[in-house]
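Inside the fold
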Amino acid sequence: MTLTATKKAGAVETPPAPRASRRPRGRSGWTPWLYLLPALVVLGGLLVYPIYQLGLISFLEYTQAQVSGGEPTSFQGFGNYTALFSDPQFWQVLLATILFAAACVVATLAVGCALAVLLTRVRAVPRLALMLAALAAWATPAVTGSTVWVFLFDPDHGPVNRLLGLGDFSWTYGRYSAFALVLFEVVWCSFPFVMVTVYAGVKAIPSEVLEAAALDGASQWRIWRSVMAPMLRPILVVVTIQSIIWDFKLFTQIYVMTAGGGIAGQNLVLNVYAYQKAFASSQYSLGSAIGVVMLLILLAVTLVYLRLLRRQGEEL
């Protein structure tokens, strides 16, 4: 009896599984790093080395005397950080920076999201005009935009006070009015990013979902809160964290519009505070310590940002 005769009727012989192809381990493992090597070299020179120098100076006694060579540089350990954390002004400036950055982020998101929804409801010509105006504001350099806003709110020659009937009211004299003026400028130059990003997300939402919500009697606010916002949550998280990073390290607007931090330093934020300590007072080590503290805070925010991006990527 042959081998084929002994097989059961209808039985099909499965072919053997193909063997996995062997790839050279060494070359496949190093190939991605070879492509990334030029970028890593550039980042190492432009990012890693300056951060190393920043951290090194923060542990030294480095003032104008050491810069000019009149006195030797000495190691202070955590002495600069101890002096910084024991200074009440540092905590006041840190609190002001957090509150001001939070106000800028909330206002930027509110204006950007509102205009993004408006773009979906206007015709092509007004939409194009609004987009061009927003992109022009976004492309304006911070120094130029700050100078223009100072002129607009100037107590003597500015048109805003004339239109509002405020007379010779000085926006930069009071602490809160100066912060409000800077906030207006920050929102003006920051909302286009939020508007364009959220508008792209809104256009990606199926129109059937929005039409169904409108047919159910939902108001525009209810549609945004219950339908659009949950679907746009990944985009909103991205623009929120990026706005936090940008507004927390604000420098140009505060320095230009309040003349270096306002009267008696009433409008200081951490970036301007570090600049004053390092260059105005020649306390370079103390300014470096402030820079390290800011770096750690922004690094924590960035890690949260990357973790959220990874989580959203896995969900999507």
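This one's a predicted model, so the numbers in the text were calculated from it and none came from an experiment. (Residues numbered from 1 in each chain as written. Predicted model: local features only at pLDDT ≥ 70, side-chain atom pairs only at ≥ 80, totals over all residues. Heavy atoms only, no water.)

Attention now moves to the environment of Ala-83. By secondary structure assignment, the location of Ala-83 is in helix α4 (residues 79–85). Given the relative accessible area of 44%, Ala-83 is considered partly exposed. Separated by 203 residues in sequence, Ala-83 and Leu-286 have C-alpha atoms that sit 8.3 Å apart. (Helix = DSSP H or I, 4+ residues; strand = E, 2+ residues; numbered from the N terminus. Buried < 20%, exposed > 50% of the residue type's maximum accessible area, 1.4 Å probe, protein only.)

Let us look at the packing of aromatic side chains. Tallied over the entire structure, the rule returns 22 aromatic pairs. Pairing Phe-59 with Phe-75 gives two aromatic rings, centres 6.5 Å apart and planes at 20 degrees, and the pair type is stacked. Highlighted residues: Phe-59 in the loop between α2 (25–58) and β1 (60–61) and Phe-75 in strand β2 (residues 74–75), separated in sequence by 16 residues. Residue classification places Phe-59 among the partly exposed residues on the basis of a relative accessible area of 24%. For the ring pair Trp-149 and Phe-153, a centre distance of 5.6 Å and an interplane angle of 10 degrees mean the geometry is stacked. Through pairs of rings, three or more aromatic residues link up here, namely Phe-59, Phe-75, Phe-78, Tyr-81, Phe-85, Phe-90 and Trp-91. Sitting over the ring of Tyr-176, Arg-175 keeps its end group 6.0 Å from the ring centre. (Phe/Tyr/Trp six-rings, centres within 6.5 Å; stacked < 30°, edge-to-face > 60°. Lys NZ or Arg CZ within 6 Å of the ring centre and 35° of its normal.)

Averaged over every residue, the pLDDT of the protein chain is 85; residues scoring 70 or more account for 89%. Taken together, the stretch residues 1–12 has pLDDT below 50 and engages in two contacts with residues farther than four places along the chain or on a different chain. (pLDDT = per-residue confidence, 0-100. Contact = heavy atoms within 4.5 Å.)

Another point: the nonpolar core. Counting residues in each nonpolar core, the largest one holds 40 residues, and the members touching the most others are Leu-84, Phe-90, Phe-100, Val-182, Ile-254, Leu-270 and Tyr-273. Every element with two or more residues in this core is listed here: α4, α5 (88–119), α9 (175–204), α12 (233–248), α13 (252–257), α14 (270–280) and α15 (284–315). Residues contacting Phe-100, with those up to four places away along its chain left out, are Phe-179, Val-182, Leu-183, Leu-250, Ile-254 and Val-269. If you look at the next biggest cluster of nonpolar residues, it comprises 26 residues, including Cys-113, Leu-119, Tyr-199 and Ala-229. (Core = buried A, V, L, I, M, F, W, Y, C linked by side-chain atoms within 4.5 Å.)

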